[in-house]
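Chain and residue survey
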Amino acid sequence: MCEGSRGLREVVPNQSVPPPIREFTVSTGAAQSTLQDIKLPDTAGGYTYCYDGTTPALANRTLYWRTQGDTIEINEVSLNYNLVGSRVKFRFVDTPLLPGITVHESWGNVVVLVPTVGSVHKLSFPHPTRLEGRGISGVEGGLMSVLAEASVNTARECQHIFSWPASTPLPSTASTYFTQDEESIFVLGNTTGQLTCVKLGRVRGMTSVNSLAAPSSYLGRVWTSLTRSQQDMSTQPTNFLITLLGGQLSLLSVCRDHKIRAWSLSTYECVLATDLVQFTAEAGRQMVSGSQGHRLSLVEGGDGGKEQVVAIYLCFQQHSQFLLVRVNSLAGQLAVTPVTTVYSPDYDLVGYSASERGLVGVWTSSEGDTVVR
């Protein structure tokens, strides 16, 4: 064999006996009927630790999570070590979990941000680097999982519980973000377009809750009726995310009226509203939203501070397409410029990911087959 050559070998973990799971029940004070009042899709995701080649405990190590109703199950898996205490389940009684759960690494901790219809929670676990030297006697190649010392207090130590008015619809979507200053940001939205921002500080008890201004507060290039007494339902965000725009933390959304909007999470004012149809071949036509709704996602690998490239899935009754736009700051104002358009196949979109290398989507056909393109 030549010097320096390498080979690949498949490693199959021992799954003959599933790791035991520990369950914790968290009371948020929600009414028993809450779970029946709102129907939300179950979600799942994963996070692979940042491995720089110097810390063996981080190699081939992933944190998975999935939700079912008011319960989240978190599972840590390593292909290099046998992890002890690697499965936990938190049940937030009668409080369904919202989409928007994210996992982050911080100094010495692994943070999971969990939004529900009635509360938000920051779950903190010790980082694998803090547990690297803590082997488990009697377990060959055993290490403690970051979840090994989890308890019900993990979900209670840093949380905020809402008291929504009876006339206010419950949230149906959310987005989360973890800043470099270790501040946890949650934005929750309901079916009327109302957006609520919660910030949990690094120090326990430092919590702020603010409502984002209505889109009509933005009077730039978008004509808005000043005599309108109620917020137009067409301005309701169908999907949103938290990111840096022009160096400022912002909420970026795509709305039912086919506009991209942005709010500053410092002033909570709407600072951008731009029609997206004008960047497509259907410019000037009256387009009607399709059944799946519009979505947006950041293009991975971009310059996150000065500008963002956003991949937007526009679902119309006539057809669906991906529109890539660049959002940047010009003379202190946010501006949107088109990059390219890609028409999507006539299937139901499950999810997609965009990077500098290309765009990959997962669909289901009318026959129930999975299509990846």
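Refer to the structure printed above.
This section reports on the structure supplied with the text.

So, how was this worked out
Residues numbered from 1 in each chain as written. Predicted model: local features only at pLDDT ≥ 70, side-chain atom pairs only at ≥ 80, totals over all residues. Heavy atoms only, no water. Helix = DSSP H or I, 4+ residues; strand = E, 2+ residues; numbered from the N terminus. Buried < 20%, exposed > 50% of the residue type's maximum accessible area, 1.4 Å probe, protein only. Contact = heavy atoms within 4.5 Å. Areas by Shrake-Rupley, 256 points an atom, 1.4 Å probe, with all protein chains shown as cover. Phe/Tyr/Trp six-rings, centres within 6.5 Å; stacked < 30°, edge-to-face > 60°. Pairing = 2+ DSSP bridges. Salt bridge = Lys/Arg side-chain N within 4 Å of Asp/Glu carboxyl O. Axes fitted to C-alpha atoms, helices over the stretch in contact; angles between N-to-C directions.

Turning next to the overall build of the chain. In terms of helices and strands, the chain carries two helices and 26 strands. Taking all 373 residues of the chain together, the buried fraction comes to 46%. Sequence-distant contacts, at least 24 apart, represent 50% of the contacts inside the chain between residues at least 6 apart. Carbon and sulfur atoms provide 48% of the accessible area of the chain, an area that totals close to 19,400 Å².

What follows is about the environment of Leu131. By the element assignment, Leu131 lies in the loop between β9 (119–126) and β10 (142–144). Residues within four places of Leu131 in sequence aside, it is in contact with Pro126, Leu143, Met144, Ser145 and Val146.

What follows covers the packing of aromatic side chains. Counting across every chain of the model gives six aromatic pairs. Seen in terms of ring centroids, Phe24 and Phe90 are 5.4 Å apart; in terms of plane orientation they differ by 35 degrees. Their pairing is tilted. Here the residue Phe24 occupies a position in strand β1 (residues 22–26), and Phe90 occupies one in strand β6 (residues 87–92), the gap between them amounting to 66 residues. Assigned by exposure class, Phe24 and Phe90 land together as buried. Their ring planes at 65 degrees and their centres at 5.0 Å tell us that Phe322 and Tyr352 sit as a pair that is edge-to-face. A residue pair is termed long-range when its members are at least 10 positions apart, and Phe322 in strand β22 (residues 320–330) and Tyr352 in strand β24 (residues 348–355) qualify at 30 residues. Classification of Tyr352 as buried rests on a relative accessible area of 15%.

Quick look at the pairing of strand β8 (residues 109–115) now. Across the seven residues of β8, six count as buried, placing the element largely inside the fold. Where strand β7 (residues 102–106) and β8 come together, five bridges link them in antiparallel fashion. Among the inter-strand pairings, Thr102 is bridged to a residue of β8, identified as Leu113. Counted between consecutive antiparallel strands, the loop separating β7 from β8 contains two residues, among which Gly108 sits at a positive phi close to 85 degrees.

Quick look at the pattern of salt bridges now. This structure, assessed with the given rule, holds seven salt bridges. Two residues, Arg202 and Glu182, come together in a salt bridge whose shortest N-O distance is 3.5 Å. With a gap of 20 residues between them, Arg202 in the loop between β14 (195–200) and β15 (207–211) and Glu182 in the loop between β12 (173–178) and β13 (184–189) connect regions that are remote in the sequence. We classify Arg202 as exposed; its relative accessible area is 60%. Salt-bridge contacts for Arg261 lead to Asp257; the nearest nitrogen and oxygen are separated by 2.9 Å. Taking relative accessible area as the criterion, Arg261 reaches 5% and is therefore assigned buried. Bridged by salt links that share partners, the residues Arg66, Glu73 and Arg87 form one connected network.

In this section: the environment of Leu170. Structurally, Leu170 can be placed in the loop between β11 (159–161) and β12. The class of Leu170 is partly exposed, set by a relative accessible area of 27%. Spatially, the C-alpha atom of Leu170 lies 8.0 Å from that of Thr191, the residues being 21 residues apart in sequence.

A separate point is the sheet that holds strand β21 (residues 307–315). Ordered in space as β20-β21-β22-β23, the four strands form an open sheet in which the pairing is antiparallel. With partners counted over all chains shown, the strands left at the sheet margins are β20 (295–298) and β23 (333–343), one partner each. Neighbour-to-neighbour, the strand axes of the sheet open up by a mean angle of 25 degrees, direction not taken into account. Across nine bridges, the pairing between β21 and β22 is antiparallel. Bridge assignment links Leu314 to a residue of β22, and that residue is Gln321.

So, about the pairing of β12. Across the six residues of β12, five count as buried, placing the element largely inside the fold. Pairing of β12 with β13, which is carried by six bridges, proceeds in the antiparallel orientation. In the sheet register, Thr173 faces β13, and the bridge partner there is Gly189. Between β12 and β13, which pair antiparallel one after the other, the connecting turn spans five residues, and Glu182 there sits at a positive phi close to 60 degrees.

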